[in-house]
Amino acid sequence: MQPHAHERRKQRSNRVDQALTYWLAALSSKSGARAAAVGTTDGLPVAHTGNVDPLELACAGSLAVKGDLRAARREVADVDATMVRLFDGTELVLSLCGAKAPSSVIAGPHLRRIFA
């Protein structure tokens, strides 16, 4: 059972690495994902949470956003990924494993805020 918004503990950080980790943990909890990762378009993990190897998940997400879903699913069977362009033009990939909600619905505004 999900706690009400006012009951959820909020963790915040001015450090990008901590903020990403907190956000990914909250996102995993809220979406039911086994794991979540933010990575580069080349498949290198920047931050992650969960029980899936971060390199495998970031690689699968990179393949998925490039259109090679078959190869992505060979890496991680239930991967969902979306690419987010930050304000400075940097492109990052959010990869979720086993999520109930597609990553494209939730990624952009949060990642842009963290990296702003």
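Enquirer: Looking at this model, I keep getting lost on the nonpolar core. Mind explaining?
Expert: What tends to happen in soluble globular proteins is that the nonpolar side chains get buried as a cluster. Counting residues in each nonpolar core, the largest one holds 17 residues, and the members touching the most others are Trp-23, Leu-24, Val-38, Leu-94 and Leu-111. Within the residue set of this core, elements represented by two or more residues are helix H1 (16–31), strand S1 (35–40), strand S4 (91–97) and helix H4 (108–115). Not counting residues within four places of it along the chain, the set of residues in contact with Val-38 comprises Leu-20, Trp-23, Leu-24, Pro-45, Val-46, Ala-47, Leu-92, Val-93, Leu-94 and Leu-111. Counting 12 residues, the second-largest nonpolar core is a separate cluster that includes Ala-37, Ala-81, Val-93 and Cys-97.

Enquirer: Honestly, helix H2 (residues 54–65) in this entry has me stumped. Any pointers?
Expert: With 12 residues, H2 ought to run about 16 Å at 1.5 Å a step, and its terminal C-alpha atoms sit 17 Å apart, in line with that. Along H2, the residues that are buried comprise Leu-57, Ala-58, Ala-60, Gly-61, Ser-62 and Ala-64. Along its buried surface, H2 packs onto S1, strand S2 (45–50), helix H3 (69–75), strand S3 (79–85) and S4. Where H2 begins, the side chain of Asp-53 points an oxygen toward the backbone nitrogen of Leu-55, at a separation of 3.0 Å.

Enquirer: Please explain H4 as it appears in this structure.
Expert: Quick reminder: α-helices carry 3.6 residues per turn. Residues three or four places apart thus point the same way. Buried within H4 we find Gly-108, Leu-111 and Ile-114. All buried residues of H4 fall inside an arc of 140° around its axis, so they share one side. Against H1, S1, S3 and S4 lie the buried residues of H4.

Conventions and cut-offs
- Residues numbered from 1 in each chain as written.
- Predicted model: local features only at pLDDT ≥ 70, side-chain atom pairs only at ≥ 80, totals over all residues.
- Heavy atoms only, no water.
- Core = buried A, V, L, I, M, F, W, Y, C linked by side-chain atoms within 4.5 Å.
- Buried < 20%, exposed > 50% of the residue type's maximum accessible area, 1.4 Å probe, protein only.
- Helix = DSSP H or I, 4+ residues; strand = E, 2+ residues; numbered from the N terminus.
- Contact = heavy atoms within 4.5 Å.
- Expected span 1.5 Å × (residues − 1).
- Polar contact = N/O pair within 3.5 Å; in protein donor to acceptor, adjacent residues only side chain to side chain.
- Arc of directions from axis to C-beta.

None of the figures reported here should be taken as evidence of function without further support.
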